Amino acid sequence: MFGLRKKHQGMTKSVAEPGAAWTGGMAYQAPVHLHGFAAGTVVATQMGWRSVEAITVGDHVLTFDNGMQPVAAVTRGAYWAQDQDCPDHLLPIMVPQGVLGNDRRMVTLPEQSVMLESDAAEELFGDPFALVPAETLLGFRGADRLRPWQDFDVVTLHFETDQVVHADGGALILCPAAIAGVASVDFMTADHQPVPYDVLSRDQADLLVECLGWDEDEVGPSVPAHGVNRWQKAATHAA
């Protein structure tokens, strides 16, 4: 299903379905997509779990904070669109079953923001839900680079505002707004003002994943005998 061996002649085009973000219907893609869904990923919709390739503008997708939301635009393109082989540091990430709540092995793009839920995130950053770049998962519970054996496409779902959607059974994936310049939001405050999603910095994400790794290596409570929480101590040293 996946691969990066086929050679492309020049730049390929990324088809943009009709939606608020696109008026020309066609746009040249970048040489590599670092965000979006690998073809074959399934997403929760009003009609049940559907392959991301089958989703079109106007379909309703289940979001983490805002229930069913209509898709405003869909962009598609080859993951790698250059003649030479994709370099190792840009290869997609293979995430084993269960790492993100996914019910099967899934492929994520290196800079795609994915959501982790953990006590460590709440201790470190005040919220049990944290968005991190997928490549920070490398080495965690078997997550590794994947050099596929054939080309694959990337599909990006756009909404009027940023949304986190459910994929592959339970993984939570950030999808961008369709309209350039629209504030990234996940929910509204009591005053109906948008509250932005906050993706952890690379250093913060690395720290969180490291703490999650500590938990897997130990049995018993996360607070040592001297009473200092390990995550708070780690955050102090990282500051």
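Here is what the cut-offs are and how they apply
- Residues numbered from 1 in each chain as written.
- Predicted model: local features only at pLDDT ≥ 70, side-chain atom pairs only at ≥ 80, totals over all residues.
- Heavy atoms only, no water.
- 1 Å grid on protein atoms, 1.4 Å probe; cavity = no way out; pocket = protein on both sides within 12 Å on 5 of 7 lines; lining within 4 Å.
- Points joined across faces, edges and corners; volume = space filled by probe spheres on them.
- Helix = DSSP H or I, 4+ residues; strand = E, 2+ residues; numbered from the N terminus.
- Nonpolar A, V, L, I, M, F, W, Y, C, P; charged D, E, K, R; others polar.
- Salt bridge = Lys/Arg side-chain N within 4 Å of Asp/Glu carboxyl O.
- Buried < 20%, exposed > 50% of the residue type's maximum accessible area, 1.4 Å probe, protein only.
- Core = buried A, V, L, I, M, F, W, Y, C linked by side-chain atoms within 4.5 Å.
- Contact = heavy atoms within 4.5 Å.
- Pairing = 2+ DSSP bridges.

K.L.:
Quick question: what am I supposed to make of empty space enclosed by the protein here?
P.N.:
Where empty space is left in the structure can be found by rolling a water-sized probe over the atoms. Per the stated rule, a full pass over the model turns up one cavity of 30 Å³ or more. Here the largest cavity defines a volume of roughly 40 Å³. Counting only elements with at least two residues in the lining of the largest cavity, the list comes to strand E3 (37-38) and strand E10 (106-108). Top contributing element to the lining of the largest cavity by residue count: E10, with three residues. Partitioning the lining of the largest cavity into residue classes produces six nonpolar, four polar and no charged.

K.L.:
Which parts of the structure should I look at to understand the pattern of salt bridges?
P.N.:
A side chain of one charge can pair with a side chain of the opposite charge if their charged atoms are brought near each other. The full count for this structure, using the stated rule, is six salt bridges. One salt bridge in this structure joins Glu 135 and Arg 145, with 3.6 Å as the shortest N-O distance. Linking Glu 135 in the loop between strand E12 (129-133) and strand E13 (144-145) with Arg 145 in strand E13, this pair joins segments that are 10 residues apart in sequence. Note on Glu 135: relative accessible area 17%, which makes it buried. On the basis of relative accessible area, Arg 145 is assigned to the partly exposed category, the value being 26%. Asp 206 is the partner of Arg 202 in a salt bridge, and the nearest nitrogen-oxygen pair spans 3.1 Å. Of this pair, Arg 202 and Asp 206 both sit in helix H2 (residues 202-217), separated by four residues, roughly a single helical turn. A residue is classified by how much of its surface remains accessible, and Asp 206, at 32% relative accessible area, is partly exposed.

K.L.:
Where do I start with unusual backbone geometry in this structure?
P.N.:
Where the residue is not glycine, phi is negative for most of them; where a peptide bond is considered, it is trans in most cases. Within the chain, Arg 141 stands out as a residue other than glycine whose phi angle is a positive 50°. Here Arg 141 lies in the loop between E12 and E13. With a phi close to 50°, Asp 168 is a non-glycine residue in the positive phi region.

K.L.:
I would appreciate a short explanation of the nonpolar core in the present structure.
P.N.:
In a soluble, globular protein the nonpolar side chains are often hidden away together inside. Counting residues in hydrophobic clusters, the biggest one holds 38 residues, and the most contacted among them are Phe 37, Leu 100, Leu 137, Leu 157 and Leu 208. Taken together, the elements giving at least two residues each to this core come down to strand E9 (93-95), strand E11 (113-117), helix H1 (119-125), E12, strand E14 (153-158), strand E15 (163-167), strand E16 (171-175) and H2. For Leu 100, the residues in contact, after removing those within four places along its chain, are Val 95, Met 106, Val 114, Met 115, Leu 116, Leu 137, Gly 170, Ala 171 and Leu 172. Formed by 13 residues, the second largest nonpolar core is a distinct cluster that contains Tyr 79, Trp 80, Val 107 and Val 154.

K.L.:
I keep staring at the pairing of E12 and nothing clicks. Help me out?
P.N.:
Here is the key point about a regular strand: its side chains alternate between the two faces of the sheet. In terms of burial, E12 is largely enclosed, as four of its five residues are buried. Relative to E12, E11 is paired through five bridges, and the arrangement is antiparallel. Bridge pairing in E12 links Val 114 to Val 132.

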